[in-house]
Amino acid sequence: YKAADLIEFPEIHTYILSFYQHQILFDLVLQFIARLLLKLGLYEEAESSINNYLKRIPKSGPGHFILANIFAATGKQEQALHEYSKAGNKPKLKAEAHNNRALIFIKKKLFNRALEELSQAITISPNLIDAHYNFGNLLIQTNGDPIKARRHLEKALELTTSQESAIRIKRALNALP
């Protein structure tokens, strides 16, 4: 359609707008379904759903983040690391991706890489509870700087609103000298 058609036939404009709104809604539904399937542990179905989403929107940071979570949950660590690196530039999501990359490096016993990832996560999103907790906990596990570990764990405790998390953080703090 030409621009003149949109002026002459406003219902075409309404139809096109409605079409795009439905496409956006459909894409969000695909993303939601993938997240739900992941939470239910239905990894193949989740991967299929998010791959359908990524075929439609290949540069979607949230889509790559979900796919990375699926790979991490199924032990495909290298693929997860790769997908987390494509999580985009939205600060919270990018910080969570760095935090999750750190968890993979911890599993691989690459503690310095994990510390680097956690440091980046905290730089990007200073209020990311998990990054502070994981940083402090990793320093405890690796006999790192106990003062720095305490500082990160106390920050995590200050930020948390969950009683369950607070108990876990306090346990970690009690492990410090």
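Heads up: these notes are all about the structure in this document.

Cut-offs applied
Residues numbered from 1 in each chain as written. Predicted model: local features only at pLDDT ≥ 70, side-chain atom pairs only at ≥ 80, totals over all residues. Heavy atoms only, no water. Helix = DSSP H or I, 4+ residues; strand = E, 2+ residues; numbered from the N terminus. Buried < 20%, exposed > 50% of the residue type's maximum accessible area, 1.4 Å probe, protein only. Contact = heavy atoms within 4.5 Å. Areas by Shrake-Rupley, 256 points an atom, 1.4 Å probe, with all protein chains shown as cover.

**Thoughts on the overall build of the chain**
Of the regular secondary structure elements, the chain holds 10 helices and zero strands. In the chain, the succession of helices and strands from N to C terminus is α-α-α-α-α-α-α-α-α-α. Going through the 177 residues of the chain one by one, you find that 37% of them count as buried. Sequence-distant contacts, at least 24 apart, represent 43% of the contacts inside the chain between residues at least 6 apart. Surface summary for the chain: the accessible area is close to 10900 Å², and the carbon and sulfur share equals 57%.

**Examining the side chain of Asn99**
Here Asn99 shows up in helix H6 (residues 91-107). Apart from residues no more than four positions distant in its own chain, Asn99 is found in contact with Leu118, Ala121, Leu128, Asp130, Ala131 and Asn134.

**Some remarks on unusual backbone geometry**
A positive phi angle is found at Lys109, which is not glycine, with a value near 60°. Here Asn143, not a glycine, exhibits a phi torsion of approximately 55°, which is positive. One can find Asn143 in the loop between helix H8 (129-141) and helix H9 (146-159). Residue class for Asn143 comes out exposed when judged on its relative accessible area of 70%.

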